[in-house]
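The lines below spell out each chain.
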Amino acid sequence: MKVFKVNEGRPNVVDYIKNGEIHLVVNTPLGETSRYDELSIGSAAIEAKLPMITTISAAAAAVKGIQWIREQKSGVKTLQEISQKSRRMR
C-alpha cells in the first residue's frame, strides 16, 4: 500500500496516524525538503502517543527485537517473574 507524504495529497501518513491505523512510526527524514513532513508526522505521533523511531539503526534494532519476540513465542515478563523462575532453577 502506498502512503502519501503530507504534501503529496490525501489520505496521507498523518491521516492514517489520526485514524489509529498506524501503531509505530518510523520516520527517517533526509534534508530540508522533508522538514515539513517531519514536523507534521512527529506532532501527530506525539498527539496519538505512538512510539517513533527516527534513525535507520534504531529501526533495525526494533526489527531484531520484534523478530526475537516472535521466534521465542513469549510475551513481556516482569522482573519478578524472571526472578521467580531463576530461583526455581537453582
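Since this is a predicted model, take the numbers as computed values, not measurements.

**Student:** What should I look at first to understand the overall build of the chain in this one?
**Tutor:** A count of helical and extended segments in the chain gives four helices and two strands. Starting at the N terminus and ending at the C terminus, the chain contains elements arranged as α-β-α-β-α-α. Taking 90 residues into account, the globule formula puts the C-alpha radius of gyration at 12 Å, and the chain, at 18 Å, lies well above it. Across its three principal axes, the chain shows a C-alpha extent of roughly 60 × 25 × 25 Å. When the 90 residues of the chain are sorted by exposure, 22% land in the buried category. Partitioning the contacts of the chain with sequence separation of at least 6, the portion at a separation of at least 24 is 55%. Roughly 7,500 Å² of accessible area belongs to the chain as shown, and the carbon and sulfur atoms make up 57% of that amount. Treating the 14 positive side-chain charges of the chain as one cloud and the 9 negative ones as another, the clouds have centres 14 Å apart.

**Student:** Teacher, can you tell me more about the pattern of salt bridges here?
**Tutor:** For side chains bearing opposite charge, pairing can occur when the charged atoms are close. For the structure on display, the rule yields two salt bridges. Of the charged contacts, one joins Asp 15 and Arg 10 as a salt bridge, the two residues approaching to 2.5 Å between their closest N and O atoms. Judged by relative accessible area, which is 63%, Arg 10 ranks as exposed. As a salt-bridge pair, Arg 35 and Glu 38 come within 3.1 Å of each other at their nearest N and O atoms. With a gap of three residues between them, Arg 35 and Glu 38 both fall in helix 2 (residues 35-47), about one helical turn apart.

**Student:** Help me understand the nonpolar core, please; the structure alone is not making it clear to me.
**Tutor:** The tendency in soluble globular proteins is for nonpolar side chains to be buried side by side. In this structure, Val 6, Val 13, Val 14, Tyr 16, Ile 17, Ile 22, Val 25, Ile 41, Ala 44, Ala 45 and Leu 50 together form the largest nonpolar core, which totals 11 residues. Where this core is concerned, the elements lending two or more residues are helix 1 (13-18) and helix 2. Element by element, the count of residues in this core is highest for helix 1, at four residues. If we skip the residues at most four places from it in the chain, Ala 44 touches Val 14 and Ile 17.

**Student:** Where do I start with the environment of Tyr 16 in this structure?
**Tutor:** Mapping Tyr 16 onto the fold places it in helix 1. The buried category is assigned to Tyr 16, whose relative accessible area is 15%. Taking the C-alpha atoms as reference points, Tyr 16 and Val 76, 60 residues apart in sequence, are found 27 Å from one another. When near neighbours in sequence (up to four residues on either side) are disregarded, Tyr 16 contacts Met 1, Val 3, Pro 11, Glu 21 and Ile 22.

**Student:** Where do I start with the side chain of Ser 34 in this structure?
**Tutor:** Tracing the backbone shows Ser 34 in the loop between strand 1 (25-26) and helix 2. A polar contact of 3.2 Å, which involves the side chain of Ser 34, links it to the backbone nitrogen of Leu 30.

Conventions and cut-offs
Residues numbered from 1 in each chain as written. Predicted model: local features only at pLDDT ≥ 70, side-chain atom pairs only at ≥ 80, totals over all residues. Heavy atoms only, no water. Helix = DSSP H or I, 4+ residues; strand = E, 2+ residues; numbered from the N terminus. Rg over C-alpha atoms; globule rule 2.2 N^0.38 Å. Buried < 20%, exposed > 50% of the residue type's maximum accessible area, 1.4 Å probe, protein only. Contact = heavy atoms within 4.5 Å. Areas by Shrake-Rupley, 256 points an atom, 1.4 Å probe, with all protein chains shown as cover. Lys, Arg positive; Asp, Glu negative; His and termini not counted. Charge placed at Lys NZ, Arg CZ, Asp CG, Glu CD. Salt bridge = Lys/Arg side-chain N within 4 Å of Asp/Glu carboxyl O. Core = buried A, V, L, I, M, F, W, Y, C linked by side-chain atoms within 4.5 Å. Polar contact = N/O pair within 3.5 Å; in protein donor to acceptor, adjacent residues only side chain to side chain.

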